[in-house]
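# Structural overview for review
In case you want the letters, here they are:
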Amino acid sequence: MPDDRPPSPLRLNIDGNALVANWRWLDQLAPTARTGAAVKADGYGLGAVEVVRSLTAAGCTDFYVATWQEAMALAPTLADHVAVSVLHGIRSDDIPNIKALGPQFRPVINTLQQLKLWRDTGLGWACDVMFDTGMNRLGLCGADIDAVNHSGITVDTLMSHLASADDDVATNDAQRMAFAELVAACPAAQRASLSNSAGICLGQPYHFDLTRPGLALYGGVPRVEAHGHIRQTVFPEAQVIQRRRVHAGQSVGYNGAWTAQSDTDVVIVNLGYADGYLRAFSNVGGAQFAGERLIVVGRVSMDLTALALPEGCTATEGDWIAVDFALDRASAQTGLSPYELLISLGSRYDRRWQ
Ligand SMILES: *Cc1c(COP(=O)(O)O)cnc(C)c1O
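Each chain carries its own residue numbering, running from 1 in the direction its sequence is written. The predicted origin of the model limits local features to residues at a pLDDT of at least 70 and limits the giving and counting of side-chain atom pairs to 80 or more, whereas totals for whole chains, interfaces and linings rest on all residues. With hydrogens and water set aside, each side-chain value is computed from the structure's full complement of heavy atoms.

Moving on to the overall build of the protein chain. Helix and strand assignments come from DSSP, with helices taken as H or I runs of at least 4 residues and strands as E runs of at least 2, each series counted from the N terminus. Scanning the protein chain from N- to C-terminus turns up 11 helices and 19 strands. Based on the C-alpha atoms only, the size of the protein chain along its principal axes is roughly 75 × 50 × 35 Å. Only protein chains enter the calculation, and the probe is 1.4 Å; a residue is then buried if its accessible area is under 20% of its type maximum, exposed if over 50%, and partly exposed in between. Looking at the protein chain residue by residue over its 354 residues, the buried ones come to 51%. Here the protein chain contributes 27 positive and 37 negative side-chain charges, whose respective centroids are spaced 2 Å apart. We score Asp and Glu as negative and Lys and Arg as positive, and we do not count His or the chain ends. For charged residues, the charge sits on one atom: NZ in Lys, CZ in Arg, CG in Asp, CD in Glu.

Here it is as structure tokens:
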């Protein structure tokens, strides 16, 4: 596409200062550890390249993606002194690209087969190793520690992942202790890392050498301890295509899911499922225009949403409305998790860092 294409009728304003402030808050909460950043799923929808650029400037040196495709997207703009770990590990299909990327990029070894595959590449640079300590998702089991110790590979970071750090449950402590035992049994590992955003809030015993926050960087409040400290980072705006008057008794949208009680002015905006504005926002979402509150009426469509205007509101064709997207509120309104809300945002927005 040439760069003179028309602007999108959707904007995602991204507050880069809020992103950095969130990273710094997490960093000072774990002063004995380094603070990394999970940037998988395109930086939780914000745009991974820009997130990495901003957080590198703030002092972050350890980034996490899920796949080698995500790793490759970061390569052209990555600073020389930072590292990217690829959480899903290594398949034989990945090896040519791993070779080309070089030692700034580390596979996170999750299985004995991945361990063998990595060793047999002979690439010889450091990898990370993930152990499962009770989540039963990715990772080696404790009994595999000898295989790691005798494999001849170089381990940068020994990792595990908490299943329920956002809850106050006994399994957090059990996972922490199981992980500490593994760390003690793998003296060759240079660093240890256990905590995601919520885990950081559990306190110093959970911090080890390096933390891996994701959600809280982007404005999600992982636990009550973070309340009031984490700032919203994404602010969607949608442009009005049409304003219309809906008379009392008339309905709006598919299946007439909202009926006007009295004559109501409504605006239709370019925003729908394809933009992460899912059906769960129907009849509950909101927006602001010139200090006034608009309410979603009827069912959200794939590309369109209708909002009712308060009496006297002047919003009309071509105006931009600010869509309410505070993650805790939007999550309570829709039943969608803050992760789902961020990651669904999609590619039709003009992402505007400010
Ligand atoms: C996604 C992920 C993180 C970040 O988790 P948040 O809950 O978003 O902070 C950390 N570690 C691993 C292994 C992950 O998959």
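On we go from here.
Now for the site of the ligand. Of all residues adjacent to the ligand, which total 14 residues, the nearest are Lys-40, Tyr-44, Ser-197, Leu-215 and Tyr-339. Between an oxygen atom of the ligand and a side-chain N or O atom of Arg-137, the distance comes to 3.5 Å. N or O atoms closer than or at 3.5 Å make up a polar contact, with two conditions inside protein: a donor-capable atom paired with an acceptor-capable one, and, for residues adjacent in sequence, both atoms drawn from side chains. Between an oxygen atom of the ligand and a side-chain N or O atom of Asn-196, the distance comes to 3.2 Å. With the chains in place, 93% of the 390 Å² that the ligand exposes on its own is no longer accessible. Class assignment for the residues of the shell around the ligand results in 7 nonpolar, 4 polar and 3 charged. Neighbouring residues are identified by heavy atoms, a residue being near a molecule or strand if any of them is within 4 Å of it. In this description, accessible areas are obtained by the Shrake-Rupley approach with a 1.4 Å probe, and a residue is regarded as covered only by the protein chains that are shown. Gly counts as polar in this scheme, as do all residues outside two lists: the nonpolar Ala, Val, Leu, Ile, Met, Phe, Trp, Tyr, Cys and Pro, and the charged Asp, Glu, Lys and Arg.

Moving on: the nonpolar core. Val-39, Leu-55, Phe-63, Val-129, Tyr-218, Leu-294 and Ile-321 are the most contacted members of the largest nonpolar core, which totals 99 residues. Contacts are assigned to residue pairs that have any heavy atoms within 4.5 Å of one another. Non-local contacts of Ile-321, meaning those with residues more than four positions away in its chain, are made with Pro-236, Glu-237, Ala-238, Val-240, Val-269, Ala-287, Gln-288, Phe-289, Leu-294 and Leu-307. Side-chain atoms within 4.5 Å link the members of a nonpolar core, which is a set of buried Ala, Val, Leu, Ile, Met, Phe, Trp, Tyr and Cys residues. Membership of the second largest hydrophobic core comes to 9 residues, among which are Val-246, Ala-260, Ala-306 and Ala-308.

Here we take up the state of the cysteines. Whenever a pair of cysteine sulfur atoms sits within 2.5 Å, that pair is classed as a disulfide. The final tally for this structure, using the stated rule, is 0 disulfides. The thiol sulfur of Cys-60 is not disulfide-bonded, and the nearest other cysteine sulfur, from Cys-201, lies at 17 Å.

The next subject is the environment of Val-266. Here Val-266 shows up in strand β14 (residues 264-270). We classify Val-266 as buried; its relative accessible area is 0%. Separated by 20 residues in sequence, Val-266 and Val-246 have C-alpha atoms that sit 6.9 Å apart. Setting aside its immediate chain neighbours within four residues, Val-266 contacts Gln-242, Arg-243, Arg-244, Val-246, Val-297, Ala-306, Leu-307 and Ala-308.

With that out of the way, let us pick up unusual backbone geometry. Although it is not a glycine, Ala-41 adopts a positive phi angle of roughly 50 degrees. Examined against the element boundaries, Ala-41 turns out to sit in helix α2 (residues 40-44). By relative accessible area, Ala-41 is classed as partly exposed at 30%. Non-glycine residue Asp-42 carries a positive phi angle of around 55 degrees. As for its position among the elements, Asp-42 is in helix α2. Judged by relative accessible area, which is 43%, Asp-42 ranks as partly exposed.

Turning to the environment of Ser-195, a few remarks are in order. Structurally, Ser-195 can be placed in the loop between β9 (191-193) and α9 (197-201). For the pair Ser-195 and Met-159, spaced 36 residues apart in sequence, the C-alpha separation works out to 9.0 Å. The contacts of Ser-195, once residues within four sequence positions are left out, are Leu-162, Ile-200, Tyr-206, Thr-211, Arg-212 and Pro-213. At 3.5 Å, the side chain of Ser-195 and the backbone oxygen of Gly-199 are in polar contact.

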